[in-house]
Amino acid sequence: MKRALFFVALFIAAVFAFRAITRTAVIPTAMSMISTTPAVRPYAPHPYYSRTDTSRVVLPDSVWKRVLPEVVYDVARQGNTERQFTGKYWNHDGNGTYFCAACGNALFRSDAKFAASCGWPSFFEPVRRNSVTYHSDFSYGMVRTEVQCGRCGAHLGHLFEDGPQPTGKRYCMNSAVLDFEPDTGQR
Ligand SMILES: [Zn+2]
């Protein structure tokens, strides 16, 4: 009888110990994930962002709205255009790569950037042929070619045929959807 009571007491003690362990283990893990993620992955502002993975990212708008800063969302997902001469890169110089601010896809190299008087960052070619995709845009009574990110479909800007050689193209982009990363040793 005494032995049976001992086992019952042992069982109850084990249950309480297990609950105490899981309670203390689960909650701090979740807390530390939230607080340390940005520090550990400086270029990963959200789980779908990658500078190495080039596979397509297809997400509902509700997710983009949650994970992107408002200024990026307005251009990338709403197709808005920033006011000319206001973006951070229209007259930006320096050797490096311009990445999609929405998903991290490499878009343009600085050596394809030229000093355009239009007030938006302008390039004569993308870093890879499929870094961007092209779409007919008939808005505002104009016929234009919209340029989207080849990975996430973010609206980047428009393509015009009045650029410099060697391509004659002008990729007229919004700074808000670009992230510049200087080459190593160029900071
Ligand atoms: Zn993108």
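Our subject is the structure that appears above.
The structure presented is a predicted model; accordingly, all values stated were derived computationally and were not measured.

The next subject is the overall build of the protein. When helices and strands are tallied, the protein shows three helices and nine strands. For the protein, the sequential pattern of α-helices and β-strands runs α-α-α-β-β-β-β-β-β-β-β-β. Residues counted as buried form 30% of the 187 residues belonging to the protein. At a minimum sequence separation of 6, the contacts of the protein that also span at least 24 residues come to 58%.

A two-sided burial pattern is seen for strand β8 (residues 170-173), the buried positions comprising R170 and C172 on one face and Y171 and M173 on the other. When strand β4 (residues 122-123) meets β8, the two strands line up antiparallel, connected through two bridges. Bridge pairing in β8 links F123 to Y171. Alignment of strand β7 (residues 155-160) against β8, held across four bridges, turns out to be antiparallel. When the sheet's bridge partners are listed, L159 is paired in β8 with Y171.

Residue placement: F123 occurs in strand β4. With 28 C-beta atoms packed within 10 Å, F123 lands in the buried category. Sequence separation of F123 and P164 is 41 residues, and the distance between their C-alpha atoms is 9.1 Å. Ignoring any residue separated from it by four or fewer positions in sequence, one finds F123 in contact with F108, A112, K113, Y171 and M173.

In this structure, V72, C100, A102, C149, A154 and V177 are the most contacted members of the largest nonpolar core, which totals 34 residues. Secondary-structure elements contributing two or more residues to this core are α3 (70-76), β1 (96-100), β2 (106-109), β6 (144-149), β7 and β8. Counting residues per element, this core draws most heavily on α3, at four residues. Those residues in contact with V177 that lie beyond four places of it in its chain are V72, V75, A76, C100, A101, A102, A154 and L156.

Spatially, the six strands line up as an open sheet ordered β3-β4-β8-β7-β6-β5, and their pairing is antiparallel. A strand with exactly one partner marks an edge of an open sheet, and here the two such strands are β3 (113-114) and β5 (132-137).

What counts, and at which threshold
- Residues numbered from 1 in each chain as written.
- Predicted model: local features only at pLDDT ≥ 70, side-chain atom pairs only at ≥ 80, totals over all residues.
- Helix = DSSP H or I, 4+ residues; strand = E, 2+ residues; numbered from the N terminus.
- Buried ≥ 20, exposed ≤ 12 C-beta atoms within 10 Å, placed from the backbone.
- Contact = placed C-beta atoms within 7 Å.
- Pairing = 2+ DSSP bridges.
- Core = buried A, V, L, I, M, F, W, Y, C linked by C-beta atoms within 7 Å.

Scope: geometric values only; no functional claims are made or implied.
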